Amino acid sequence: MKKNTLHIEHFIRRQLDLWTTVSPSNHLTKQLLVNGSVVTVQYNPAREWSAAARVDKVSVSKRPCFLCAVNRPQQQIDIIRGNYRLLVNPYPVLPQHLTIADSRHLPQAIAGRMGDMLNWAQALEGFLLFYNGPQSGASAPDHFHFQAVAAGHTPLERVMQTSKGVGEGLAGFSGRYYLFSDTRKKPVCEVFEHICQQLGSTSGDEPMMNIYCHCISGKWTLAVIPRRRHRPERYFAGDDSNMLISPGGLDMAGIIVAARKQDFDRITAQDVEQIYSEVAFQ
Ligand SMILES: [Zn+2]
């Protein structure tokens, strides 16, 4: 996979011509100061299906998988590279929002895929690549996928750009995170393995986390945000305090997606701090 061989912008334009999707530039946004960083809240009604998605094993097994080729809309085109298919996300949060799905219906699990993540980050220089763990924001926990968005839109990337080597257990605006960078793939994979071992897991599954990667001039930077839970208390509240905020990778990177207007209108910096404190480690 070589840099600049994917002609992504042309691919995205072609897809948008064939299939009218939601334009991310039309999203209503507001900014809040959260734990010393400016976080954006975005009103994006097209994300309601994702925020409301049931991601437990039984519910997932009963619905047709939207990442399997047989179930995808006819007008959705793809770029095939190795075992992966690159797709335009029909419900974008940020510009040039892509999904990179395995061609096979295999579960969302990062084991053995870090090398692929680094390769994709290199092939998609100018993008932020990210991975939502199966219980940390993935709407298709049964079908392996990465996502990518145009670089430079998330507060987390400003933190990533300051990475000089390995930083562990730092406190970020959304919670504790790990940050490391190297020009060689092997050390990045090794540090990542080490972090996974350190985080551990009681269930035997991989640790709950969101992973971010970008590659700039041959240097990879990886950020890992460990998660304690997927959805905050207020997601489940049966009263007026209920908020349909279901944090995935972009929310943890500082772009909070509110699918309902009432949640967008009333959410405060304190609410976002509360949500982060419940779903991440402080
Ligand atoms: Zn599938």
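Report follows, based on the coordinates. The structure displayed is predicted, hence computed values, not measured ones.

Structural notes on the nonpolar core
- Leu129, Tyr212, Leu222 and Ala223 are the most contacted members of the largest nonpolar core, which has 74 residues in total.
- If one sorts the elements of this core by residue count, helix α4 (residues 114-123) sits on top with 6 residues.
- Excluding residues within four positions of it along the chain, Tyr212 makes contact with Leu128, Phe130, Leu156, Met160, Leu222, Ala223, Gly249 and Ala253.

Digging into the sheet that holds strand β2 (residues 37-43)
- Taken in spatial order, the 3 strands make up an open sheet running β1-β2-β12, and their pairing is mixed. Looking along the sheet, the strands with just one partner apiece sit at the ends: β1 (28-34) and β12 (255-258). Direction aside, neighbouring strands of the sheet carry axes that sit 25 degrees apart on average.
- The sheet contact formed by β2 and β12 spans 4 bridges and is parallel. Looking at the pairing, Val41 lines up with Ile256 of β12.
- Contacting β1, β2 and β12, helix α10 (residues 269-279) runs over the sheet at an angle of about 75 degrees to β1.

Quick word on the pairing of strand β7 (residues 145-150)
- With 5 of 6 residues buried, β7 lies mostly within the body of the structure.
- For strand β5 (residues 98-102) and β7, the ladder comprises 4 bridges, and the chain directions are antiparallel. By the bridge assignment for β7, Ala101 is matched with His145.
- In this sheet, β7 lies alongside strand β6 (residues 127-132) in antiparallel orientation, the contact comprising 4 bridges. Counted as the bridge partner of Leu129 is Ala148 from β7.

So, how was this worked out
Residues numbered from 1 in each chain as written. Predicted model: local features only at pLDDT ≥ 70, side-chain atom pairs only at ≥ 80, totals over all residues. Core = buried A, V, L, I, M, F, W, Y, C linked by C-beta atoms within 7 Å. Buried ≥ 20, exposed ≤ 12 C-beta atoms within 10 Å, placed from the backbone. Helix = DSSP H or I, 4+ residues; strand = E, 2+ residues; numbered from the N terminus. Contact = placed C-beta atoms within 7 Å. Pairing = 2+ DSSP bridges. Axes fitted to C-alpha atoms, helices over the stretch in contact; angles between N-to-C directions.

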